[in-house]
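# Secondary and tertiary structure notes
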Amino acid sequence: MGDSDPRTLGEEAIARLLRSNTPDRPSLAAAYAVGYMALWRAQEEGTTPYWYEEIDPLDTLFLGTFFPKTCSDEFEFANVRDAWLRLLRGTVHGKGILRFVREAVSASADLKLPVDDRELMLALIGRLEAAGLDGRRLPRRLMPEVALQDCRAACGPPLDLRLPEPPEDAKRQVKRFWKTTDDSSWANDTPLRILRDGLRRFHDAGLLVKDESVLLLPALYTALMAKPGEQLEDSLEHATAWALALDETSTLVKVVDILLVAPELGMSVADVLGHLFAVPAFTDPLPSDALLWTSSPGLGLPRLAFELGISEVPTMDGVITPDLLDWVGMHTRMRLSATARGNTDDPEEADVADGTSNTNEESDEQWAERREAVRKAVSQKIRKKSGGPTARSWQMDRPVERLWNADGSSVVQFSTANPFGQELKEAIDSQLDAFREKFGREPRSEDPLFFDPDADEPAPLSKEYFDGMLLDMAEHADEIGIDPAFLHAWREVGYVVTEENMSLHTTAEVLAFKRAVARHRQDGK
């Protein structure tokens with residue numbers, strides 16, 4: 001290999017950075033080198049946690065800032081990573097993080113490798129010095145071990161969380177909560193209505209929703225975020241990860257923190273609801289920052305890249321664009337949860353790894369043990385009620401359904417007995433005929449249904465082509481009788497929601513699309 005070989009340059013840079021590194025005050029470049037070596041050693045020793053396969057360069061940098069400590073699972077890792085990034089935002093070190101992201105994406109483009117490819121991640125080390133990321137050192141107060149010691153993302157709500165006093169008519173409001181029925185998912189834009197929908201689903205699954213306050217947070221999460229293929233037994237873990245991922249400035253934190261501490265305090269469901277009615281955010285529209293899953297490795301770098309105006313990030317699993325970020329997050333959490341179940345025969349007996357901090361007082365350790373006991377108890381109840389690995393669909397009377405597997409894969413089916421289903425079948429048949437005419441053969445399983453008409457070989461429509469098509473349709477929207485805001489929203493979020501296909505989407509996706517339509521209508525005035 002020549003001296004200019006990216007791998008050689010990366011290996012040489014590792015040696016320099018590790019020699020000059022001060023563990024408690026590393027530069028960003030040195031932290032990345034430490035994180036890369038931690039990944040390499042874990043792989044060589046066969047001690048790599050299953051979720052390390054999802055780690056990208058930004059995750060690796062964060063890993064290096066608190067090595068040799070680790071996190072209990074991928075959810076805690078991603079949440080404390082994001083909490084640390086929020087802490088740095090607006091500082092000179094935050095600017096360094098953005099420079100790091102730019103350099104990682106640039107290296108990916110130059111070397112034509114996915115951003116999370118291990119060869120790319122090694123080569124990136126050789127570019128960080130030239131980018132100026134080996135000079136300024138992180139002060140100890142900004143190192144995760146210190147800065148995140150009492151972080152909500154890792155530790156949960158404070159143990160002395162002060163609950164708001166229930167309103168005088170709390171009993172009447174709780175009674176009305178159970179009696180009211182919401183008919184339209186389009187209207188479920190408040191935590192109150194989404195929680196009620198989730199509790200109805202849990203009740204239909206045979207869970208005692210009026211007796212177990214520990215079911216409240218999973219019910220809220222399930223009705224808002226979960227795909228039907230997500231196992232019920234995962235709902236508490238996923239819900240907790242989602243709740244702890246929220247920025248502490250989010251208005252929803254006051255709601256989910258009550259739901260987090262309620263089972264640990266032995267509160268009844270009625271009492272919890274009474275306290276929730278004292279929180280304005282419980283009956284206000286859900287904040288948009290709660291609609292996106294971030295509690296997985298591999299999501300921090302593309303999110304920051306999109307904030308910088310970078311249009312796409314190539315990864316080992318495919319190219320991520322802004323409209324695909326939530327889809328990728330959903331697949332990642334489902335895939336990793338399926339892998340975790342396959343790695344352990346009895347999840348209730350699995351050992352819990354050390355967290356990011358070992359400075360807890362004895363009372364905190366006892367509280368953590370109680371927390372874990374509650375988690376195991378409800379997981380066992382949910383597992384018994386979930387009816388095994390078969391995915392549960394909540395709206396099987398729709399003309400179009402997506403059947404989900406536990407690992408995030410899925411198949412769409414539709415009924416030709418329904419007029420919309422018949423129209424869809426005719427459209428698909430027409431597309432298959434167009435494929436045969438274009439390529440002179442029958443389509444294979446790996447061929448795209450919607451293909452690039454200008455390509456000589458079957459290739460999926462590019463995002464640029466599809467965006468251009470939607471923009472052209474929006475310009476002629478009046479002629480074809482379509483609201484242009486509807487098309488602009490489709491282009492923004494990457495999917496379209498109608499009454500017929502609503503069952504293919506989570507409530508979070510429906511709300512994101514609905515709000516995008518409203519925003520584009522406002523902009524069009």
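Residues numbered from 1 in each chain as written. Predicted model: local features only at pLDDT ≥ 70, side-chain atom pairs only at ≥ 80, totals over all residues. Heavy atoms only, no water.

### Some details on the overall build of the protein
Looking only at helices and strands, one finds 22 helices and 4 strands in the protein. The buried share among the 525 residues of the protein stands at 46%. A separation threshold of at least 6 residues defines the contact pool for the protein, and within that pool the share at least 24 residues apart is 66%. Accessible area for the protein stands at about 25600 Å²; split by element, carbon and sulfur atoms hold 50% of it. (Helix = DSSP H or I, 4+ residues; strand = E, 2+ residues; numbered from the N terminus. Buried < 20%, exposed > 50% of the residue type's maximum accessible area, 1.4 Å probe, protein only. Contact = heavy atoms within 4.5 Å. Areas by Shrake-Rupley, 256 points an atom, 1.4 Å probe, with all protein chains shown as cover.)

### Some points on the side chain of Arg-333
Structurally, the position occupied by Arg-333 is in helix H16 (residues 325–343). At 2.9 Å, the side chain of Arg-333 and the side chain of Tyr-221 are in polar contact. A polar atom in the side chain of Arg-333 sits 3.0 Å from the backbone oxygen of Met-225. If sequence neighbours within four positions are ignored, Arg-333 has contacts with Tyr-221, Met-225, Ala-226, Lys-227, Glu-230, His-238, Trp-293 and Ser-296. (Polar contact = N/O pair within 3.5 Å; in protein donor to acceptor, adjacent residues only side chain to side chain.)

### Description of the pattern of salt bridges
Pairs can form between side chains of opposite charge whenever their charged atoms are close. According to the stated counting rule, one finds 27 salt bridges in the structure shown. As a salt-bridge pair, Asp-82 and Arg-303 come within 3.0 Å of each other at their nearest N and O atoms. With Asp-82 in helix H4 (residues 74–88) and Arg-303 in helix H15 (residues 300–307), the pair connects residues that are 221 residues apart, well separated along the chain. Close ionic contact of Glu-492 with Arg-519 constitutes a salt bridge, the shortest N to O distance being 2.3 Å. A residue pair is termed long-range when its members are at least 10 positions apart, and Glu-492 in helix H21 (residues 484–493) and Arg-519 in helix H22 (residues 507–523) qualify at 27 residues. On the accessibility criterion, Arg-519 (38% relative accessible area) is partly exposed. One network of salt bridges, in which partners are shared, links Asp-59, Arg-81, Asp-82 and Arg-303. (Salt bridge = Lys/Arg side-chain N within 4 Å of Asp/Glu carboxyl O.)

### Quick look at the packing of aromatic side chains
Scanning the entire structure with this criterion turns up 17 aromatic pairs. Seen from their ring centres, Phe-435 and Phe-451 are 5.6 Å apart, and the 80 degrees between their planes marks the pair as edge-to-face. Remark: Phe-451 occurs in the loop between helix H18 (419–439) and helix H19 (463–475) and Phe-435 occurs in helix H18; sequence separation between them is 16 residues. In this pair, the class of Phe-435 matches that of Phe-451, namely buried. Among the aromatic side chains, those forming a connected cluster through ring pairs are Trp-51, Tyr-52, Phe-62, Phe-66, Phe-77 and Trp-84. Seen from the ring of Trp-178, Lys-210 lies directly overhead, with NZ or CZ sitting 5.0 Å from the centre. Positioned above the aromatic ring of Trp-293 is the side chain of Arg-333, whose terminal nitrogen or guanidinium carbon lies 4.8 Å from the ring centre. (Phe/Tyr/Trp six-rings, centres within 6.5 Å; stacked < 30°, edge-to-face > 60°. Lys NZ or Arg CZ within 6 Å of the ring centre and 35° of its normal.)

### Examining the nonpolar core
Here is a general trend for soluble globular proteins: nonpolar side chains tend to be buried in one another's company. Core analysis: the largest hydrophobic core is formed by 112 residues, its most contacted members being Trp-84, Ile-97, Leu-195, Leu-224, Trp-242 and Leu-276. Sorting elements by how many residues they give to this core places helix H2 (residues 28–45) first, with 8 residues. Residues contacting Ile-97, with those up to four places away along its chain left out, are Leu-28, Leu-58, Leu-61, Trp-84, Leu-85, Leu-88 and Leu-304. The next biggest cluster of nonpolar side chains, apart from the first, holds 11 residues, and it includes Val-493, Val-496, Met-502 and Phe-513. (Core = buried A, V, L, I, M, F, W, Y, C linked by side-chain atoms within 4.5 Å.)

### Regarding H2
With 18 residues, H2 extends 26 Å from end C-alpha to end C-alpha; this agrees with the ideal 26 Å at 1.5 Å per step. Summarising burial for H2: 13 of the 18 residues are buried, a large majority. Just beyond H2, the residue with positive phi is Gly-46, at close to 70 degrees. (Expected span 1.5 Å × (residues − 1).)

### Points about unusual backbone geometry
Excluding glycine, most residues fall at negative phi; most peptide bonds, likewise, are trans. Here the amide bond leading from Phe-67 into Pro-68 is cis, since omega sits at 10 degrees, within 30 degrees of zero. Residue placement: Pro-68 occurs in the loop between helix H3 (57–66) and H4. Of note, Lys-112 is a non-glycine position whose phi angle comes to about 55 degrees, a positive value. Counting through the fold element by element, Lys-112 comes out in the loop between helix H5 (92–111) and helix H6 (118–128).

### Quick word on the packing of helix H9 (residues 170–179) against helix H10 (residues 191–204)
Running from amino to carboxyl end, H9 crosses H10 at an angle of 55 degrees, the nearest separation of the two axes being 10 Å. As far as their axial angle goes, H10 and H9 are oblique. Crossing angle aside, the handedness with which H9 passes H10 is right-handed. Of the residues in H10, those touching H9 at Arg-176, Phe-177 and Trp-178 are Leu-192, Leu-195, Arg-196 and Leu-199. In terms of residue class, the contact of H9 with H10 is made up of 5 nonpolar, no polar and 2 charged. (Axes fitted to C-alpha atoms, helices over the stretch in contact; angles between N-to-C directions. Parallel < 35°, antiparallel > 145°, perpendicular 65-115°, else oblique. Left-handed = near helix turned anticlockwise from the far one by under 90°. Nonpolar A, V, L, I, M, F, W, Y, C, P; charged D, E, K, R; others polar.)

### Brief notes about the environment of Thr-60
Along the chain, Thr-60 turns up in helix H3. Assessed through its relative accessible area of 0%, Thr-60 is described here as buried. Residues Thr-60 and Pro-297, 237 residues apart in the sequence, show an inter-C-alpha distance of 9.8 Å. Thr-60 has contacts with Ala-31, Tyr-32, Gly-35, Tyr-36, Leu-39, Ile-55 and Met-121, leaving out every residue within four places of it along the chain.

### Some remarks on the confidence of the model for the protein
In the predicted model, the protein carries a mean pLDDT of 84, and 83% of its residues have values of at least 70. Element-level pLDDT for the protein is lowest in helix H17 (residues 362–385), with a mean of 51, against a maximum mean of 97 in helix H14 (residues 269–276). For residues 345–364, every residue scores under 50 in pLDDT, and the model assigns this stretch 27 contacts once sequence neighbours within four places are set aside. Here residues 385–397 is a poorly scored stretch, pLDDT under 50, and it has 24 contacts once near neighbours within four places are set aside; other chains count. (pLDDT = per-residue confidence, 0-100.)

### Section: H5
Working note: α-helix, 3.6 residues per turn, so residues spaced by three or four point in the same direction. Spanning 20 residues, H5 covers 28 Å between terminal C-alpha atoms, matching the ideal 28 Å at 1.5 Å per step. As for H5, its buried residues are in contact with H2, H3, H4, H6, H15 and strand S1 (313–315). Looking at the residues trailing H5, positive phi occurs at Lys-112, about 55 degrees.

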